[in-house]
Amino acid sequence: MNSHELFHTLHQLSRHLTNTLNEALKPLGLYGSQWSVIFVLQTKGSLTQKELCEYLFVEAPPMTRTIQRLVKQGYVRQVPGKDKREKLIQLTDLALKLYPEWEKTVMENNQSLLKHLPEHSQEELFHLQKSWLQKLL
């Protein structure tokens, strides 16, 4: 197999998945990048911007813009951490209230994208991705 084709297809798939998620979230006033931050904060609790960047593999400038947008929308707040220079990012009560609706939209989008991929293939794909990612890290 040609590695260029493999990575080209992965990039195309990633772009398609991103665009589809953005379209699904658009009526709710969110983008996929914002959902990623919200999902991680819901799952892992309060994190610093640096920790979010490291976990999501996002550079600091786009993460700063995403966090600023979420603050402006009232979905996250920045609170002082242990160190005066450190700020923790956490979900607001409004975000916690809206989270089930956002999650439902994302789940419906995901199910729609997976409907033509048999369950055993989904599991195999998940394990391949997880294993590959762990080896890269």
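Quantities reported herein were computed from a predicted structural model and do not represent experimental measurements.

A. Just the overall build of the protein chain, in detail. Helix and strand content of the protein chain: 6 helices and 3 strands. Ordered by position from the N terminus, the helices and strands of the protein chain form the series α-α-β-α-α-β-β-α-α. A total accessible area of about 10100 Å² is found for the protein chain, and carbon and sulfur atoms account for 57% of it. Seen as two clouds, the 17 positive and the 14 negative side-chain charges of the protein chain have centres 8 Å apart.

B. Geometry of the packing of helix H3 (residues 49–56) against helix H4 (residues 60–73). Where H3 meets H4, the axes come as close as 10 Å, and the angle between the chain directions of the two elements is 115°. The crossing of H3 and H4 is right-handed. The residues of H4 that touch H3, namely those facing Gln49, Leu52, Cys53 and Leu56, are Ala60, Met63, Thr64 and Ile67.

C. Seen up close, the pattern of salt bridges. In the structure shown here, the tally under the stated rule is 2 salt bridges. Its salt-bridge partner being Lys104, residue Glu108 comes within 2.8 Å of it at the nearest N-O pair. Of this pair, Glu108 and Lys104 both sit in helix H5 (residues 93–114), separated by 4 residues, roughly a single helical turn. By relative accessible area, which is 46% here, Glu108 ends up partly exposed. By relative accessible area, which is 51% here, Lys104 ends up exposed.

D. Quick look at the packing of helix H1 (residues 3–25) against H5. Contact pair H1 / H5: the axes reach a minimum separation of 10 Å and the direction vectors enclose 140°. By the angle class used here, H1 and H5 are oblique. In the crossing of H1 with H5, the sense of the turn from one axis to the other is right-handed. Across the interface between the two elements, His16, Leu17, Thr20, Leu21, Ala24 and Leu25 of H1 pack against Thr105, Val106, Asn109 and Leu113 of H5. Tallied by class, residues from the contact of H1 with H5 come to 6 nonpolar, 4 polar and no charged.

E. Spotlight on the pairing of strand S3 (residues 87–91). The sheet contact formed by strand S1 (residues 47–48) and S3 spans 2 bridges and is antiparallel. From the neighbouring strand, Leu47 faces S3, where its bridge partner is Ile89. Across 5 bridges, the pairing between strand S2 (residues 76–80) and S3 is antiparallel. Considered in S3, the bridge of Val76 is made with Leu91.

Cut-off values and rules
- Residues numbered from 1 in each chain as written.
- Predicted model: local features only at pLDDT ≥ 70, side-chain atom pairs only at ≥ 80, totals over all residues.
- Heavy atoms only, no water.
- Helix = DSSP H or I, 4+ residues; strand = E, 2+ residues; numbered from the N terminus.
- Areas by Shrake-Rupley, 256 points an atom, 1.4 Å probe, with all protein chains shown as cover.
- Lys, Arg positive; Asp, Glu negative; His and termini not counted.
- Charge placed at Lys NZ, Arg CZ, Asp CG, Glu CD.
- Axes fitted to C-alpha atoms, helices over the stretch in contact; angles between N-to-C directions.
- Left-handed = near helix turned anticlockwise from the far one by under 90°.
- Contact = heavy atoms within 4.5 Å.
- Salt bridge = Lys/Arg side-chain N within 4 Å of Asp/Glu carboxyl O.
- Buried < 20%, exposed > 50% of the residue type's maximum accessible area, 1.4 Å probe, protein only.
- Parallel < 35°, antiparallel > 145°, perpendicular 65-115°, else oblique.
- Nonpolar A, V, L, I, M, F, W, Y, C, P; charged D, E, K, R; others polar.
- Pairing = 2+ DSSP bridges.

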